[in-house]
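Summary of the model geometry
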Amino acid sequence: MSTASMAAQASQTTYEMVIGLEVHIQLKTTTKLFSDALTTFGADPNEQTTPICLGMPGVLPVVNEKAVELAILTGLALNCHIAEVTKFDRKHYFYPDLPKGYQISQYDMPICYDGHIDVLGRRIGIERAHLEEDAGKLVHGGADGLAGSTYSLVDLNRAGMPLLEIVSRPDIRSSEEARVYGETLRNLVRYIDVCDGNLEEGSMRVDVNISVRPTGETKLGTKTELKNMNSFRYIQKAIEYEAQRQIALVESGQAIVQESRLWNEAKGITESMRSKEDAHDYRYFPDPDLRPLTISRQQVDEIGARMPELPHQRLARFKDTFGLSDYDATQLVDAKELGDFFDRTAQHTKNYKAIANWLMGDITNVLKTQQQSLGATTLTPENLASMIELTDQGTISSAIAKKLLPDLMAGDKTPQQLVDEKGLAQISDTGAIEAMCKEVLEANPDNIAQYKAGKTKVLGFLVGQVMKASKGKANPQMINDILIRIIENS
Amino acid sequence: MTASPAPSTALDLHKQIQSGQLSAQALLEQTFNAIKAVDGDIDGFLHLAENQAQQTAEQVDQAVATGQPLPLLAGVPIALKDNIHVQGVRSTCASRILENFVAPFDATVTTKLNAHMLPIVGKTNLDEFAMGSSCENSAYKLSKNPWDTSRVPGGSSGGSAAVVASNQVPLALGSDTGGSVRLPAAFCALYGIKPTYGRVSRYGLVAYGSSLDQISPFARTTKDLAALLKVIAGFDPMDSTALSDEVPDYLALCDQPPKQLKVGLVKELMDSDGLQPDIKAAIDQSIQHLEGLGATFQTVSLPHINYAVASYYIVATAEASSNLARYDGVRYGLRAEEAQDIYHLFTQTREQGFGTEVKRRIMLGTFALSSGYYDAYYGKAQKVRQLIRQDFETAFEQVDILLCPAAPFTAFKLGEKVADPVQMYLTDIATIPVNLAGIPGLSFPAGFDSSGLPIGLQLLGPHGAEGTLFSVSQALETASGLSNCLPDVYKQQGVAV
């Protein structure tokens, strides 16, 4: 939403939003952050726990080096500085899903700090990215939700999962920018393969800090924190709603309460979490069970050397090297699997536009209909390229090519084999096409007269008839040319 | 009461088992008989682990029968403080909150003891969660000093000290956070060593003050102590604070007498008005013994040591307030079943489960870490700790080791100090600085006071200097004859053969 459209009805004051995002990403490690319990999704409650995850007396944490590597890789992708020395701190609060009564996090020496990413042409600062362990989850029983539940069960499978909390600076100024920032971050973590980036399953979680202020004002307004948005669309909607709610409060002279608010998608509103009024005192202090971590320049360089191509780099390459439009390139970058497939297909044919069209059009449609991922089909880059080549050479028509696609995605035959077996090669024999054209014209003498009278549109009908007669195999351009020649010579 | 040497040391017993003169099972049976005969007066044990111990003893006898070489100390019965996990055996920490808590895994030291086939006979009494200097903060029983059962054995590892000093077992493990092994060792005429921080894995030790805690052994001779430390020390991938340096052969080092030893006497601990005169005399005696071996003496100053107790009671309680947050009634241990909501489940469980001293320390530590007070308390305490560390480093540039008291006085009467926590805290004035600095400290018997109560002194060395401490301790033990000391009344009843 533009600043102008946020003008409150009652006054002429315009407002701007000041937004910062706290994004938790669950790092793709085999084991948890401080124990060797597995991280696989979907196990039975409390199956993936060790005495360490359960906070048993006598246990000690040992940091998962893989998680540290993934944090460094992410930090580098976010243009962050990587700390030479970083440490872990204990953050205390009592809650049944927090086994030790504290969460191991990083307070004042985060592993990554001072980075940025570019979003819609603006640079958004990254204040820090720090490692921390996840809590477990509560399952409320006896009712559908917490309200009215008569008991709660604790599942600690998630407790101790490795998270990287990425905290942006309050540089974001619109709900759209917030959404795109989130999408950009998701693409990034997927490209560097540190996180699934799945908001619905919770492997990526986004909290929004938002305040409003009159345009031009430099002081920050009171902020609220928005939670419980499990899609980027909801994030944008929640911000829109919350900004209007805050503006209405300011306009009517009421105070904004600094609090956490939950997005209620069913009602389309944010609601106060009604948490305790006293602010938490987390009593952070350095975890004495974990020595500070020293990260060498060499280690950072080694991890940096393994950095794969990032989304913005791929976007530039798809445009520059393959001449794709911004739209096409963006589509292929956002859907990483399609982009990867594009790259591999581009090694076998130079008709890049055709590859993009196939991937974003018919192939995506088939995948959607069958609710499949590209990797689950039998389509190979070689076969896609071969089909494009056969079409370009005129061996088959594009209509035939579209018909072949399901077989290419579900079978193991090459396009050439399919064309040969089914006799689908395009008819490009002038004599044969001429004979079919004559037959069609003889059956439709009126159309010749109409065409001659200037109603050239009838040509399309005639081409279609010839095509039908050829069972789709005749070369449409040749039909076109031959029909015109016969009509004009008649 | 006078001291008489007991016939057998742990190493003697081990040798007899290895040679087939003594079966591990017979020794174990004798041990349980001694416990039955003696522990009613001493109250050192909280609970026994007869089945596990029996299995280990059988394993030892089988190994001997099949001619396999035995690992060091195999067959020697040992007792563990009840804050060290033995899988399948309760770890109560002498607290109501863990009354029925069965350890779900072995502590790393337990794994090492099992590998060396030492039968673990039972778990000993302590001040609740190792918080105390007299063992009187136990939720279950009052342990007695075998040298005078109207007196405390010292704390917090009082039960472990009492069962070794009453000849029930020759070896025990305790934990030392501010003197909790060295003080009871001193009060009970035992040898005890708090190793360099990180030398022994803390995995499976229920945490009190994580940056100070070290599992520490008790024995009645230097060599038994050295052998036991050798068994339990070493790197552990489960403990990020464990040291990776190789463990020296401490036992062999006992027989290498120190040469041209430079010994420092800590000015601030010698001048203290509170120091009992008998203890000063014992120090002089030890000086003479060491001078006889060619050692030279000089006085060194640890200028910040007077702030050690204050610093300790911030750092240790801050860490304790955090470490004990997990006892919330949700997953294990005591639960206040009558609680109507989660807030009251937490508060009532903790209200009912923790004793007075534990609550006091949790509140102290919580306050010290609170927003707005952190810099003034925890931050400052850490700075003091750093200064104390530097004091020791400076001292060890001048001397090889330090000699000082283990406590300002000998064992006090049960109940004497319970009403005054600060007086109780000052008991540890000579031991606390060692934990703050992370250096090793060995407590050794140095005589008896006019009431016949044991006097203990400490040898302190720089990081990793356990070997030096053992060699000096052995030299003193030989010179003083204070080896394998037991009160006469327990000499006959124990495990000795």
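From a predicted model like this one, the values you see are computed outputs, not experimental measurements.

Section: the overall build of chain B
In terms of regular secondary structure, chain B is built from 18 helices and 13 strands. Compactness check: chain B gives a C-alpha radius of gyration of 21 Å against a globular reference of 23 Å for 497 residues, within 12% of the reference. The dimensions of chain B, computed from C-alpha atoms along their principal axes, are 60 × 50 × 45 Å. Burial status across chain B gives 64% buried among its 497 residues. Long-range pairs, those at least 24 residues apart, make up 77% of the contacts in chain B with a sequence separation of at least 6. As displayed, chain B offers around 16,400 Å² of accessible surface, 51% of which is attributable to carbon and sulfur atoms.

Points about the overall build of chain A
Helix and strand content of chain A: 15 helices and 16 strands. Rg of the C-alpha trace for chain A: 30 Å, well past the compact-globule value of 23 Å for 490 residues, more than 25% over. Evaluated residue by residue, chain A yields a buried proportion of 49% over its 490 residues. Within chain A, counting contacts between residues at least 6 apart in sequence, those at least 24 apart form 69% of the total. Put simply, chain A shows about 23,400 Å² of open surface, and 49% of that area lies on carbon and sulfur atoms. Charged side chains of chain A number 53 positive and 67 negative; the gap between the two group centres comes to 3 Å.

Details of the domain arrangement of chain A
Segmentation of chain A into domains returns domain 1 (3-301), domain 2 (311-422) and domain 3 (430-488). Here domain 2 of chain A and domain 3 of chain A have C-alpha centroids that lie 32 Å from each other.

Details of helix H12 (residues 342-353) of chain B
Residues and elements named next belong to chain B. Over its 12 residues, H12 runs 16 Å from end to end, which matches the ideal 16 Å to within 8%, given 1.5 Å per residue. Every buried residue of H12 is accounted for by Leu345, Phe346, Thr349, Arg350 and Gly353. Considered in projection along H12, the buried side chains sweep an arc of 110° and stay on one side of the axis. Its buried side turned inward, H12 meets helix H13 (356-368). Where H12 starts, the residue carrying a side-chain oxygen 3.3 Å from the main-chain nitrogen of Tyr343 turns out to be Asp341.

Digging into the interface of chain B and chain A
Contact with chain B, which involves 40 residues of that partner, is made by 32 residues of chain A. Of the roughly 2,800 Å² buried at the junction of chain B and chain A (both faces included), carbon and sulfur atoms supply 60%. On the surface where chain B and chain A come into contact, there are 1 salt bridge. Residues Arg202 of chain B and Asp289 of chain A are paired through a salt bridge, measuring 3.1 Å at the closest nitrogen-oxygen approach. Between chain B and chain A we count 16 residue pairs in polar contact (both at pLDDT 80 or more) in total. Elements represented by at least two residues in the side of chain B that touches chain A include exactly helix H11 (308-323) and H12 of chain B. A per-element tally of the side of chain B that touches chain A places H11 of chain B first, with 5 residues. Here the residues of the side of chain B that touches chain A sort into 21 nonpolar, 12 polar and 7 charged.

Let's talk about the nonpolar core
Ranked by size, the top nonpolar core spans 64 residues in total, and within it Ile25, Leu131, Tyr181 and Val208 of chain A carry the most contacts. Residues Ile52 of chain A together with Leu46, Phe105 and Val434 of chain B belong to the second largest nonpolar core, which totals 60 residues.

Quick look at the sheet that holds strand E3 (residues 78-81) of chain B
Residues and elements named next belong to chain B. Pairing is mixed across the open sheet formed by 11 strands, whose spatial order is E2-E4-E3-E5-E7-E6-E11-E12-E10-E8-E9. Only two strands of the sheet have a single neighbouring strand rather than two, namely strand E2 (45-48) and strand E9 (296-300). Recorded for the sheet is a direction-independent mean angle of 30° between the axes of neighbouring strands. Bridging between strand E11 (residues 441-448) and strand E12 (residues 454-460) involves 6 bridges; their strand directions are antiparallel. Looking at the pairing, Phe444 lines up with Leu457 of E12.

Section: the packing of aromatic side chains
Using the criterion set out here, one finds 27 aromatic pairs over all chains in the structure. Between Phe105 of chain B and Tyr203 of chain B, the aromatic rings sit 5.0 Å apart at their centres with planes inclined by 35°, giving tilted as the arrangement. In this pair, Phe105 of chain B sits in the loop between E3 and helix H4 (108-115) while Tyr203 of chain B sits in the loop between strand E6 (191-194) and strand E7 (214-219), placing the two residues 98 residues apart along the sequence. The exposure class of Phe105 of chain B is buried, given its relative accessible area of 8%. Tyr203 of chain B sits in the buried class, given a relative accessible area of 8%. Here a set of aromatic residues connected by ring pairs shows up, and it is made of Phe101, Phe129, Tyr327, Tyr332 and Phe354 of chain B. It is Lys91 of chain A that lies over the ring of Tyr282 of chain A; its NZ or CZ is 4.4 Å from the centre. Over the aromatic face of Tyr191 of chain A sits the side chain of Lys336 of chain A, whose NZ or CZ is 5.3 Å from the ring centroid.

A short note on the packing of helix H9 (residues 381-392) of chain A against helix H10 (residues 398-410) of chain A
Residues and elements named next belong to chain A. Running from amino to carboxyl end, H9 crosses H10 at an angle of 165°, the nearest separation of the two axes being 10 Å. Compared by their axis directions, H9 and H10 come out roughly antiparallel. Classified by chirality, the crossing of H10 by H9 is right-handed. Where H9 approaches H10, its residues Asn383, Met387 and Thr391 are matched on the opposing element by Ser398, Ala401, Leu404, Leu405 and Leu408.

Points about unusual backbone geometry
The residue after Gly155 of chain B, namely Ser156 of chain B, is reached through a cis peptide bond having omega 5°. For Asp193 of chain A, which is not a glycine, the phi torsion comes out positive at approximately 60°. By secondary structure assignment, the location of Asp193 of chain A is in the loop between helix H2 (175-191) and strand E11 (204-214). The exposure class of Asp193 of chain A is partly exposed, given its relative accessible area of 45%.

Brief notes about the state of the cysteines
Overall, the coordinates contain 0 disulfides over all chains when judged by the stated rule. With no disulfide partner, Cys112 of chain A has as its closest neighbouring cysteine sulfur the one in Cys80 of chain A, 5.3 Å distant. This cysteine, Cys404 of chain B, is not joined by any disulfide, and Cys188 of chain B carries the nearest cysteine sulfur, 19 Å off. For Cys404 of chain B, a relative accessible area of 0% corresponds to the buried category.

Thoughts on the pattern of salt bridges
Two side chains with opposite charge may pair up if their charged atoms get near one another. Taken as a whole, this structure holds 51 salt bridges over all chains when the rule is applied. With its nearest N and O atoms 3.3 Å apart, the salt bridge here joins Arg96 of chain B to Glu99 of chain B. The salt bridge involving Asp239 of chain B is made with Arg202 of chain B; its shortest N-O contact spans 3.9 Å. Placement of Asp239 of chain B in the loop between helix H7 (222-232) and helix H8 (250-254) and of Arg202 of chain B in the loop between E6 and E7 is noted, with a sequence separation of 37 residues between them. Summarising the burial analysis for this pair, Asp239 of chain B and Arg202 of chain B share the class buried. Salt bridges here are not isolated pairs; linked through shared partners, they connect Glu309, Arg314, Arg317, Lys336, Asp340 and Asp343 of chain A.

Notes on the side chain of Ser211 of chain A
In this structure, Ser211 of chain A sits in strand E11. In contact with Ser211 of chain A, other than residues within four places in its own chain, are Glu16, Met17, Val18, Gly221, Thr222, Lys223 and Gln246 of chain A.

Considerations on a nonpolar patch on the surface
A contiguous nonpolar surface patch, about 280 Å² in accessible area, is contributed by Val139, Tyr151 and Leu153 of chain A. Tracing the chain through its elements places Val139 of chain A in strand E8 (residues 137-141).

What counts and how
- Residues numbered from 1 in each chain as written.
- Chains lettered and ligands numbered in written order.
- Predicted model: local features only at pLDDT ≥ 70, side-chain atom pairs only at ≥ 80, totals over all residues.
- Heavy atoms only, no water.
- Helix = DSSP H or I, 4+ residues; strand = E, 2+ residues; numbered from the N terminus.
- Rg over C-alpha atoms; globule rule 2.2 N^0.38 Å.
- Buried < 20%, exposed > 50% of the residue type's maximum accessible area, 1.4 Å probe, protein only.
- Contact = heavy atoms within 4.5 Å.
- Areas by Shrake-Rupley, 256 points an atom, 1.4 Å probe, with all protein chains shown as cover.
- Lys, Arg positive; Asp, Glu negative; His and termini not counted.
- Charge placed at Lys NZ, Arg CZ, Asp CG, Glu CD.
- Domains from an automatic or database assignment.
- Expected span 1.5 Å × (residues − 1).
- Arc of directions from axis to C-beta.
- Polar contact = N/O pair within 3.5 Å; in protein donor to acceptor, adjacent residues only side chain to side chain.
- Buried area = accessible area lost by both parts, 1.4 Å probe.
- Salt bridge = Lys/Arg side-chain N within 4 Å of Asp/Glu carboxyl O.
- Nonpolar A, V, L, I, M, F, W, Y, C, P; charged D, E, K, R; others polar.
- Core = buried A, V, L, I, M, F, W, Y, C linked by side-chain atoms within 4.5 Å.
- Pairing = 2+ DSSP bridges.
- Axes fitted to C-alpha atoms, helices over the stretch in contact; angles between N-to-C directions.
- Phe/Tyr/Trp six-rings, centres within 6.5 Å; stacked < 30°, edge-to-face > 60°.
- Lys NZ or Arg CZ within 6 Å of the ring centre and 35° of its normal.
- Parallel < 35°, antiparallel > 145°, perpendicular 65-115°, else oblique.
- Left-handed = near helix turned anticlockwise from the far one by under 90°.
- Disulfide = S-S within 2.5 Å.
- Patch = residues over 30% accessible without salt bridge, like charges linked within 9 Å, V, L, I, M, F, W, Y side chains within 5 Å.

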